[in-house]
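In case you want the letters, here they are:
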Amino acid sequence: DTAVSQTPKYLVTQMGNDKSIKCEQNLGHDTMYWYKQDSKKFLKIMFSYNNKELIINETVPNRFSPKSPDKAHLNLHINSLELGDSAVYFCASSQEYYETQYFGPGTRLLVL
Amino acid sequence: DQQVKQNSPSLSVQEGRISILNCDYTNSMFDYFLWYKKYPAEGPTFLISISSIKDKNEDGRFTVFLNKSAKHLSLHIVPSQPGDSAVYFCAASRGTDKLIFGTGTRLQVFP
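Residues numbered from 1 in each chain as written. Chains lettered and ligands numbered in written order. Predicted model: local features only at pLDDT ≥ 70, side-chain atom pairs only at ≥ 80, totals over all residues. Heavy atoms only, no water.

Caption draft 1: Quick look at the overall build of chain B. Helix and strand counts for chain B stand at 0 helices and 11 strands. Along its sequence from the N terminus, chain B presents helices and strands in the succession β-β-β-β-β-β-β-β-β-β-β. Expressed as lengths along the three principal axes of its C-alpha atoms, the size of chain B is roughly 40 × 25 × 20 Å. Of all 111 residues assigned to chain B, the portion counted as buried reaches 44%. In chain B, the proportion of contacts linking residues at least 24 apart, taken out of those at least 6 apart, comes to 52%. Total accessible area on chain B is roughly 5400 Å²; 48% of this is exposed by carbon and sulfur atoms. Charge separation in chain B, taken as the distance between the mean sites of 12 positive and 10 negative side-chain charges, equals 3 Å. (Helix = DSSP H or I, 4+ residues; strand = E, 2+ residues; numbered from the N terminus. Buried < 20%, exposed > 50% of the residue type's maximum accessible area, 1.4 Å probe, protein only. Contact = heavy atoms within 4.5 Å. Areas by Shrake-Rupley, 256 points an atom, 1.4 Å probe, with all protein chains shown as cover. Lys, Arg positive; Asp, Glu negative; His and termini not counted. Charge placed at Lys NZ, Arg CZ, Asp CG, Glu CD.)

Caption draft 2: The arrangement of the sheet that holds strand β8 (residues 73-78) of chain A in detail. Residue and element names in this part refer to chain A. Across the sheet, 4 strands lie side by side as β1-β3-β8-β7; this open sheet has antiparallel pairing. Strands at the two margins of the open sheet, each flanked by one partner only, are β1 (4-7) and β7 (64-70). Shown here is a sheet whose adjacent strand axes are inclined to one another by a mean of 20 degrees, direction ignored. Inspection of the sheet shows strand β3 (residues 19-25) paired to β8 by 4 bridges, in the antiparallel sense. When the sheet's bridge partners are listed, glutamate 24 is paired in β8 with histidine 73. (Pairing = 2+ DSSP bridges. Axes fitted to C-alpha atoms, helices over the stretch in contact; angles between N-to-C directions.)

Caption draft 3: Looking closely at the interface of chain B and chain A. In this complex, chain B contributes 18 residues to the contact, which on the side of chain A involves 19 residues. Counting the surface lost from both chain B and chain A, the interface buries some 1500 Å², and carbon and sulfur atoms represent 62% of this. Where chain B meets chain A, there are 1 salt bridge. The tally of links between chain B and chain A comes to 3 residue pairs in polar contact (both at pLDDT 80 or more). Top element by residues in the side of chain B that touches chain A is strand β4 (residues 32-38) of chain B. It accounts for 4 residues. Residue composition of the side of chain B that touches chain A, by class: 9 nonpolar, 5 polar and 4 charged. (Buried area = accessible area lost by both parts, 1.4 Å probe. Salt bridge = Lys/Arg side-chain N within 4 Å of Asp/Glu carboxyl O. Polar contact = N/O pair within 3.5 Å; in protein donor to acceptor, adjacent residues only side chain to side chain. Nonpolar A, V, L, I, M, F, W, Y, C, P; charged D, E, K, R; others polar.)

Caption draft 4: Layout of the sheet that holds strand β7 (residues 62-67) of chain B. Residue and element names in this part refer to chain B. Pairing within the open sheet is antiparallel, and its 5 strands lie in the order β1-β3-β8-β7-β6. Of all the strands in the sheet, the pair left with one neighbour each is β1 (4-5) and β6 (56-59). Where β7 lies against strand β8 (residues 72-77), 6 bridges are found, and the strand directions are antiparallel. Each bridged residue has a counterpart across the sheet, and for valine 64 the counterpart in β8 is leucine 75.

Caption draft 5: Molecular detail of the environment of A:Gln25. Residue and element names in this part refer to chain A. As for its placement among the helices and strands, glutamine 25 is situated in strand β3. Residues glutamine 25 and tyrosine 102, 77 residues apart in the sequence, show an inter-C-alpha distance of 9.2 Å. Sequence-distant contacts of glutamine 25, that is, excluding residues within four places in its chain, are made with Ala3, Val4, Met32, Lys71, Ala72 and Ser93. A polar side-chain atom of glutamine 25 sits 3.0 Å from the main-chain amide nitrogen of leucine 27. Side-chain polar atoms of glutamine 25 contact the backbone oxygen of histidine 29, separated by 2.8 Å.

Below, the structure written as structure tokens:
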């Protein structure tokens, strides 16, 4: 009964490929997020959706596109992967936008 | 521009003693502060929070102190236990704005 789940947990791929990471939450929350934790351990928000509507879109390359089919899911699609995309990507959710966030276990992406 | 800083990347404490993790911030408009705990291969887990109208919040062995004039936040864990060994992130936000995280402090509690 995992609250926030992500698949896959590990992703190793070649430069130039397109990949997707899926996130699902069963907490009934209205808001979902994608964060990136880079090699320097900074945890930075990338996107936030509230009730399937995009409310935060930080300065990330256009190659990153979030998709929210319903409020329990927020997937992240990455086109033309680059070496610098290697990081841990965390999905999170909260009831309202400014409330406590609950994180998934992370997806470790390695681009070769 | 790093608005939330955790200047100690690591801290080692003996079991039973107090652990003090520190966090400094630069934006005086922040009004809500949180601590998250992260074990390896897991996502961060919410631990404790404090709003800017308070200077202390306590939850069991965990106490967060806020010094607004110094723009400083600290987390006290007493007594420390081996299961507390993890990376601790502080985070801050202003109103309904996004959370800004620090880079984390790795706490090791040894027997």
